[in-house]
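Architecture and fold: a report
The primary structure of each chain is shown beneath.
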Amino acid sequence: MSTAVERPRKPSAWQAFAQPSAWTMFFFGFASGMPFLLVAGTLAYWLTENGLELKNITLIASAGLSYTLKFLWAPLVDRWRLPLLGRLGQRRGWLLLALMIVIGGLLMMAQLTPDRLAMFVWITLATAFAGATLDIAVDAYRVEIAPNEAQGALVATYSLGYRIALIITGMLALVLADHVSWPQVYRAMALFMLIPVVAVLVAREPDVIRIKTETWAQGLREGVVEPFVDFFRRFSGPLAFALLAFILVAKISDQSLGGGIMAPFYLGEGYTKTEIAAVTKLYGIWVGIVGVFLAGIAIARWGIKWPLLAGVVLGAISNLLYLWLIGADGDVWKLTVVISGENLAQGFQGTTLVAFLSALVNQRFTATQYALFSSLVMLPGKLLGAVSGRIVEATGFGVYFWITTLVAIPAVLLFFWLKPRLRLGDDDAPATGGEAVQEAKA
């Protein structure tokens, strides 16, 4: 007599969002979002009002490049357990250190002001570096604190906190700057950062057994070489290269609308800066949050793979909505409809892709591998965005929007090649990365 093996039930969407880690990630997302604009976009307004030349403003605001290069020092965050703060654990120690440096940096920027430009620049760079390090530690914490099927919920609550931080450091900071001095604004922003400090102190450390090394050479190999060797060991042959190719092209449609190409498009269609800010920067953020939570529910219900495909397709097709705005002549209703669709798709796609990348990570090298994957995701779209102006000048906006949609076709084709060959833990099969972790723990 044979007995059927009962499959473990997947947690419901409610269970995924109700877990304590999901709301810990809300505060950690808030922490990650706070420094981002304060060393780049919002900072540019302060520098402009201080009378700096445009070339100096863009140079200083480029401190945000630290977020693109963070994979370079991610191995340090993975391997080095901090003295004293390390008693909180590998991840929480780095989280608290980065938060304290960001808070100190914002307060020093407020004290120095751009009048003491040389020192101000160095402090800004240090603050940006600490903000990028905070990103590394937060991403590593998220991947390690919960299984793959819960990652959608964690990304959703993280994104909610992150986007609220962008509203505070973007819209609220600018409004405050109309009434108080910029140093007072930055001091207020530093006070907001105390909220995630409390969250770090009460959060639990991920339960991950880490491999200890005895010599410097062993540590270098474990921290820098092994993360790359491990990836090609777990995903051998064509699978590894197909995965890297998919990572490179998965978000290219969304990223290709960056690089400043949309500002002249909106203005050219007759929209005022106030209308653009209200619809795209405020309303659009909240619509994006809805997309994020829909993706979190979809991942909790159906796993990672099919929501990932839906995200890639929706993210690409949503770019075609902008064709409707050509000749809109300042019609705010049309802009609202387009931003609703585009941001909803963008929020959904971003969440599914983050969950996918998290499933590829071996928790033995969480910070290093995730930082590298996230950098690869951004690279092609940034490159296309950098030449977008020339493409538009040669072809027009309509053709460019079609190009940004069609470049997603390779990602769709790669998805169907990868799907039967890749286990992500969402079809009652163990995740490939998880297997490597279990081996490391043994």
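The numbers attached to residues start from 1 for each chain and follow its sequence in the written order. A pLDDT threshold of at least 70 governs which residues receive local features in this predicted model, and a stricter bar of 80 or more applies before side-chain atom pairs are shown or counted, although totals over entire chains, interfaces and linings include all residues. The basis for every side-chain value is the complete set of non-hydrogen atoms in the structure, without hydrogens or water.

1. Observations concerning the overall build of the protein
From N to C terminus, the protein includes 22 helices and 0 strands. Here the protein holds 442 residues, and 53% of them are scored as buried. Pairs of residues are marked as contacts when any of their non-hydrogen atoms sit within 4.5 Å. A sequence separation of at least 24 residues applies to 81% of the contacts in the protein between residues at least 6 apart. About 20,000 Å² of surface is accessible on the protein, with carbon and sulfur atoms providing 68% of the total. Here a strand is any run of E in DSSP of at least two residues, a helix any run of H or I of at least four, and the numbering for each starts at the N terminus. For each residue, the accessible area found with a 1.4 Å probe, counting protein chains only, is set against the maximum for its type, and the residue is called buried under 20%, exposed over 50%, and partly exposed in between. Residue exposure ignores everything except the shown protein chains as possible cover, and the areas themselves are Shrake-Rupley values with a 1.4 Å probe.

2. Some points on a nonpolar patch on the surface
Surface patches are defined over residues having more than 30% relative accessible area and no salt bridge, joining like charges when they lie within 9 Å and nonpolar side chains (Val, Leu, Ile, Met, Phe, Trp, Tyr) when within 5 Å. By definition, a salt bridge exists where a carboxyl oxygen of Asp or Glu is found within 4 Å of a side-chain nitrogen of Lys or Arg. Together, Val224, Val225, Phe228 and Val229 give the surface a local cluster of nonpolar side chains, amounting to about 270 Å² of exposed area. Position of Val225 relative to the elements: it lies in helix 11 (residues 216–234). We classify Val225 as partly exposed; its relative accessible area is 34%.

3. Brief notes about the packing of aromatic side chains
Geometry of an aromatic ring pair is reported as the spacing of the ring centres plus the angle between the planes. Here the aromatic set is Phe, Tyr and Trp, taking the six-membered ring for Trp, and pairing holds for ring centres within 6.5 Å; pairs whose planes are under 30 degrees apart are stacked, those over 60 apart are edge-to-face, and all others are tilted. Within the structure shown, the criterion is met by 26 aromatic pairs. A centroid spacing of 5.4 Å and a plane angle of 90 degrees characterise the contact between Phe231 and Phe232, whose relative ring orientation is edge-to-face. Judged by its relative accessible area of 4%, Phe231 falls in the buried class. Through a chain of ring-to-ring contacts, the aromatic side chains of Phe265, Tyr266, Tyr322, Phe397, Tyr400 and Phe401 assemble into a single cluster. Geometry around Tyr370 places Arg142 over its ring, the cationic atom sitting 5.1 Å from the centre. Put simply, a charge is over a ring when the Lys NZ or the Arg CZ is close to the ring centre, within 6 Å, and near the line of the ring normal, within 35 degrees.

4. Details of the pattern of salt bridges
One pass over the structure, following the stated rule, counts 9 salt bridges. The partner of Asp78 in a salt bridge is Arg91, with the nearest N and O atoms 2.7 Å apart. A residue pair is termed long-range when its members are at least 10 positions apart, and Asp78 in helix 5 (residues 74–79) and Arg91 in helix 6 (residues 90–112) qualify at 13 residues. Neither Asp78 nor Arg91 differs from the other in exposure class; each is buried. Note that Glu205 and Arg92 form a salt bridge whose closest N and O atoms lie 3.9 Å from each other. Taken together, the residues span a long stretch of sequence, with Glu205 in the loop between helix 10 (194–202) and helix 11 and Arg92 in helix 6 at a distance of 113 residues. Because the salt bridges share partners, they merge into one network encompassing Lys70, Asp135, Asp139 and Arg142.

5. Re the nonpolar core
Core analysis: the biggest nonpolar cluster contains 58 residues, and Phe28, Leu95, Leu106, Leu134, Tyr186 and Met193 have the highest contact counts within it. Once residues within four sequence positions are removed from consideration, Leu134 is found in contact with Ala31, Ser32, Leu95, Ala98, Leu99 and Met193. Residues belong to one nonpolar core when they are buried, are Ala, Val, Leu, Ile, Met, Phe, Trp, Tyr or Cys, and are joined through side-chain atoms within 4.5 Å. Ranked by size, the runner-up nonpolar core spans 33 residues in total, among them Phe231, Leu353, Ala355 and Ala411.

6. Focus on the confidence of the model for the protein
Within the protein, residue pLDDT values average 81, and 84% of them lie at 70 or more. Per-residue confidence from the prediction method is given by pLDDT, with values spanning 0 to 100. Confidence drops under a pLDDT of 50 for residues 1–8, and excluding neighbours within four residues, the segment shows 2 contacts in the predicted structure. Contacts for the low-pLDDT stretch residues 426–442, under 50 throughout, to residues beyond four places or in other chains number 33 contacts.

7. Focus on unusual backbone geometry
Excluding glycine, residues mostly have negative phi values, and the peptide bonds linking residues are mostly trans. One non-glycine residue with positive phi stands out, namely Leu84, at about 65 degrees. Within the secondary structure, Leu84 sits in the loop between helix 5 and helix 6. Among the residues examined, Leu84 registers a relative accessible area of 67% and is labelled exposed. Phi is positive for Asp329, which is not a glycine, with a value near 55 degrees. Along the chain, the position of Asp329 falls in the loop between helix 16 (305–317) and helix 17 (332–360).

8. Some words on the environment of Phe373
Residue placement: Phe373 occurs in helix 18 (residues 366–386). For Phe373, a relative accessible area of 3% corresponds to the buried category. Each C-alpha atom of the pair Phe373 and Val354 lies 9.5 Å from the other, and the pair is 19 residues apart in sequence. Apart from residues no more than four positions distant in its own chain, Phe373 is found in contact with Phe231, Ile247, Leu357, Leu360 and Val361.

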